[in-house]
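# Architecture at a glance
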Amino acid sequence: MGEQRFLVRKAAVLGAGVMGAQIAAHLVNANIETMLFELPGEVNNPNANVIKAVEKLKKQEPAPLSVKAKATFILPANYDQHLELLKDCDLVIEAIAERMDWKRDLYTKIAPYLGEHTIFASNTSGLSINQLAEAFPEALRHRFCGIHFFNPPRYMHLVELIPCQASDAGMLDDLEAFLVTYLGKGVIRAKDTPNFIANRIGVFSLLATMHHGRAFDFGFDLVDALTGALIGRPKSATFRTADVVGLDTLAHVINTMRDTLPDDAWHAYFAVPDWLQGLIQAGALGEKVKCGVYQKEKNEIYVFDLPTQAYRLSAGEVDEDLKRLLKYSNPTEKFAALRTSSQPQAQFLWSIFRDLFHYCAVQLESIADNARDLDLAVRWGFGWNQGPFEIWQAAGWKQIANWIQEDISAGKTMSQAPLPQWVMAIADSDTQSVHTPQGSFAPRSGKPQPRSKLPVYQRQLFPDCLIGEQASYGETIFETDVVRMWHTGDQIAILSFKSKMHTIGIDVLQGVQQAIKEAEQNWRALVIWQTEPPFSAGANLQKATERPKPDAQHGNVPAAPPSPFQSFLKKFKKSAQTTVLQVARELDLADVLMAKKLAEVDGMIKQFQQTSQALRYSMIPTVAAVDGLALGGGCEFVMHCDRAVATLESYIGLVEVGVGLLPAGGGCKEFALRSAQNAKDGDPFPQLKYYFQTVAMAELAKSAEQAKELGYLRLADTVVMHRFELLHVAKAQAMALAEAGYRPPLKNREISVAGNTGIATIQSQLVNLREGGFISEHDYLIGNKVAHVMCGGDLTPGSLVDEDWFLELERAAFMELLATEKTQARIEYTLKTGKPLRN
């Protein structure tokens, strides 16, 4: 079967619980009409259970749906009335409770209704796929497999694909290609062993952490302080993660390991601790009931205290000496210091790493094909910066292996199982590496195994790299301190920013302008793409007070993008306050305000507008390839390119109002222009008032689809599900424009304005909000400035102006607001406190 031969026109999900409903949501995010099945509800409304689950999806945060309107494509169904409809589904995913008997009974019931070519897959998190397959007629088993999504399915990158003995190889390849391109997932082929790869390793790591935490008599809050971001793992660390997963779910996974892995050398540790069982019996199941290991009361976080069996204020503190030790840049020195330290917290960290390495080495051959699959599964499924073998390799393979051997001999490890022979063979090799440019170690063959050769992976020009792999980003066309223009051997030029958070200062603006000129002379199109998220956090006005840096030759732009789980945490666990703080930081106005160098800022705004216009009217097509945040000026660049190609997890917005300013890089102009172009009966105001609300409320789109709803993206812009396919698609879009005989649009010289009538209408609404106490006097001023710009100023409605008119209004309003004491106070307060100021 060739690439993308498997087409999913319609899908079904069996089970409308937490996972089933969210899998259905992600399928409709991918524009796949999906039937969601559940047991029949009340007599008068048999689909009540599914309808309730879909309504819950609309309210859930982080949102499982890219936009709420997608919920209408989830079709409610029940097992009594709608099984006949399964024959029309290309893919059916079972996601009911983790009970082998329940699943097998369901399979027997639905098997006669499946279509001739339907693929049926179970979302089980750890039950045997081969045992489940036995419930199917033998003639259907070749179309059955496991397909394990991680929670929450929209955001978690990992999907484990687990064949049964009869699974058709071509079917698996087609399903993998579908999961990668259409659902945006990182697919790992797992063996049919209990809990597969990620849960097997992740839960063991959690159990080892619990064991050693208890041995060192550490509180749960201290363990979390030690095992989160400090060691390259999510902030939720150990026990907060347990709360998020659900303590009852965690207990079920532990019991599954206990019942199904009797021969595991670590079996003695596969037991639910008494304290965990006690919390479950008390109904403290974690985040879903607002009480678990942690609970929040008002603004305080409390943690369950083992000695007192009661909750106390959370206050875990990491030793200062350990903090300094963990800042060592050399992993070899860091681990040597951990092992030799007498500090209990350091000894604890060495113990949990040692036992994790030990377990992974012993289990690798039985659960995964190679070390890469294990490491990526843990990274993508649990959000670690590096997988276990990556950490081990970075710290010095032979040194760590010898220390583990010594600790096994001394009886310090959780198990006395010997290290496999391959571990010491690698220790004695020249490379001392499981991950190399040639591939990752596969214990069956004893050799490095290259990455998959499936055609779908040719779309990933720069896949997620492991240690030992080197991402080489093409050949340089030119490079400065803050931008690099390069190519991959074709006729498309690529521009990447090198500034922090890819912010845009004068030097970046100059680099963009240089890139446009170069592309016009020697290339067929220009794509703006960053080697890692975000696309751009916006303007950096501090650069307006500095001299541009001279050109310099540098190496490739750094690789190693953060894991999708990290991106998810960063993007969706931000409150509105945090978003405003980021805007203030990335504008970086503190020095500007202190120096009062407003003239330099005015000059930069002019240059910003010129650059935006150059992107719009260049003689070659320009494409913005967006992943992650595109705020303020970054959003304005996106709006001015001929096309945008954005990953679903792109968070786009003109958020300047949050710090008392307004968009001045062409954003207000662009909304006014689009309103005029889409005006019915020549009146731009009906559309303009919607765009005004978007700007005045500093709306941040929480998906690329929502960015289309808000107007930041156009309907013609492309949404890509897989972030590592973004550049491939963006280049294809750019080449398609070039092949079509691209010419830039004609400059708009007759834009109809809403004028003073539009301003007055918005102003009256702002007055009501001010009088009602909903906005402050300064909010009122900002709103008026935005209205004045977007409506085209104090002109008669229908007056015709050009784009430069709007750009001048933008710049003047921006500078007037920047000069006010209250806007300056907002920016300075946000920078100091991290909170917005309403003054």
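What you see is a predicted model; the values in this text were computed from it and never measured. (Residues numbered from 1 in each chain as written. Predicted model: local features only at pLDDT ≥ 70, side-chain atom pairs only at ≥ 80, totals over all residues. Heavy atoms only, no water.)

## Considerations on the pairing of strand 6 (residues 144-149)
Within strand 6, six of the six residues are buried, leaving the element largely enclosed by the surrounding structure. On strand 6, burial covers both faces: Phe144, Gly146 and His148 on one face and Cys145, Ile147 and Phe149 on the other are all buried. The pairing of strand 5 (residues 119-122) with strand 6 spans three bridges and is classified as parallel. Across the sheet, residue Phe120 finds its bridge partner in strand 6, namely Phe144. Note that strand 6 and strand 7 (residues 158-163) share five bridges and pair antiparallel. Bridged to His148 within strand 7 is Glu160. (Buried < 20%, exposed > 50% of the residue type's maximum accessible area, 1.4 Å probe, protein only. Helix = DSSP H or I, 4+ residues; strand = E, 2+ residues; numbered from the N terminus. Pairing = 2+ DSSP bridges.)

## Some points on the sheet that holds strand 13 (residues 439-442)
Within a sheet, adjacent strands bond to each other through the backbone by hydrogen bonds, running parallel or antiparallel. Taken in spatial order, the three strands line up as 12-13-14 in an open sheet, and their pairing is antiparallel. Edge positions in the open sheet fall to strand 12 (435-436) and strand 14 (447-449), since each of these has one partner strand only. Pairing between strand 12 and strand 13: two bridges, direction antiparallel. Bridge pairing in strand 13 places His435 opposite Ser440. Set on the sheet, helix 14 (residues 371-382) makes contact with strand 12, strand 13 and strand 14; between it and strand 13 the angle comes to about 110°. (Contact = heavy atoms within 4.5 Å. Axes fitted to C-alpha atoms, helices over the stretch in contact; angles between N-to-C directions.)

## Digging into the sheet that holds strand 8 (residues 186-189)
Read across the open sheet, the eight strands follow the order 3-2-1-4-5-6-7-8; overall the sheet is mixed. Unpaired on one side and paired on the other, strand 3 (74-78) and strand 8 mark the two borders of the sheet. Taking each pair of neighbouring strands and ignoring which way they run, the sheet shows an average axis angle of 25°. Across five bridges, the pairing between strand 2 (residues 33-38) and strand 3 is parallel. Note on strand 3: the bridge partner recorded for Thr34 is Ile74.

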